[in-house]
Amino acid sequence: MSKDAIPEKIMQHLNKKHPKATDITAETTKHFGQDVIEVRVKENGANAMDIYRANGNYHVSGINIAPDDLMFATSRENLKKVFPEYSIKEAFLIVNPNGVGEEFDVTLESSGKLWDVSIDKAGNIEKKEIN
């Protein structure tokens, strides 16, 4: 999704929450079974992720975590099955604001390509696509 395609309601919230944001990108995706708009920004050299419902209302923020803190053993095993050689470039923990559960949104490099990968609370790969 281009920056110009991000709904105005979301841009207004982003401008308040991240007034010095640069490199704003967005995509429509699913988290916790809901259609959402995932927005990533860079602010003061740090990466941030905010997730909005399809109607533009703020839903939750992803927590930027160190790759070493990433997921569960099953998550690592499942990544190895799909990407025998990989390097995690960035990882976000997304905690369900409406109840129990967490997911991970990971950017990784494998075979010279960057991948966006979503991992559910059980360690299963929900989505993988070339970045």
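Refer to the structure above for everything that follows.
Calculation notes
- Residues numbered from 1 in each chain as written.
- Predicted model: local features only at pLDDT ≥ 70, side-chain atom pairs only at ≥ 80, totals over all residues.
- Heavy atoms only, no water.
- Helix = DSSP H or I, 4+ residues; strand = E, 2+ residues; numbered from the N terminus.
- Rg over C-alpha atoms; globule rule 2.2 N^0.38 Å.
- Buried < 20%, exposed > 50% of the residue type's maximum accessible area, 1.4 Å probe, protein only.
- Contact = heavy atoms within 4.5 Å.
- Arc of directions from axis to C-beta.
- Phe/Tyr/Trp six-rings, centres within 6.5 Å; stacked < 30°, edge-to-face > 60°.
- Pairing = 2+ DSSP bridges.
- Axes fitted to C-alpha atoms, helices over the stretch in contact; angles between N-to-C directions.

(A) Looking closely at the overall build of the chain. Along the backbone of the chain there are 2 helices and 8 strands. Going from N to C terminus, the chain has its helices and strands arranged as α-β-β-β-β-α-β-β-β-β. The C-alpha atoms of the chain give a radius of gyration of 15 Å, which matches the 14 Å a tight globule of 131 residues would have. Taking the principal axes of the C-alpha coordinates as reference, the chain spans close to 40 × 35 × 20 Å. For the chain, the proportion of its 131 residues judged to be buried stands at 43%. The contacts of the chain with a sequence gap of at least 6 include a subset with a gap of at least 24, amounting to 41%.

(B) Seen up close, helix 2 (residues 73–82). Within helix 2, the full set of buried residues consists of Ser75, Asn78 and Leu79. The buried residues of helix 2 occupy an angular sector of 105° when projected down its axis, which confines them to one face. Opposite the buried face of helix 2, by more than 90 degrees, sit the exposed residues Ala73 and Lys81. Considering only its buried residues, helix 2 is in contact with strand 6 (102–110), strand 7 (113–119) and strand 8 (125–130).

(C) Quick look at the packing of aromatic side chains. This structure, assessed with the given rule, holds 2 aromatic pairs. Taken together, a centroid distance of 5.8 Å and an interplanar angle of 75° make the contact between Tyr52 and Tyr58 edge-to-face. For Tyr52, a relative accessible area of 0% corresponds to the buried category. According to the relative accessible area criterion, Tyr58 is partly exposed, its value standing at 35%.

(D) Geometry of helix 1 (residues 8–17). Among all positions in helix 1, only Ile10, Met11 and Leu14 are buried. Relative to the axis of helix 1, the buried residues are bounded by an arc of 100° and lie together on one face. Seen from the buried face of helix 1, the exposed residues on the opposite side, beyond 90 degrees, are Glu8 and Lys16. The secondary structure elements touched by the buried residues of helix 1 are strand 1 (21–31), strand 2 (34–43) and strand 3 (46–53).

(E) Region of interest: the sheet that holds strand 1. Taking strand neighbours across the sheet as the criterion, the 8 strands line up as 1-2-3-4-5-6-7-8 in an open arrangement whose pairing is antiparallel. A strand with exactly one partner marks an edge of an open sheet, and here the two such strands are strand 1 and strand 8. Across the sheet, the mean angle from the axis of one strand to that of its neighbour is 20°, orientation sign disregarded. With 9 bridges connecting them, strand 1 and strand 2 associate as antiparallel partners. Its bridge partner being in strand 2, Ala21 is matched across the sheet by Glu43. Against the sheet, helix 2 engages strand 6, strand 7 and strand 8, with an angle of about 40° to strand 8.

Interpretation note: all reported values are geometric properties and have no functional meaning in isolation.
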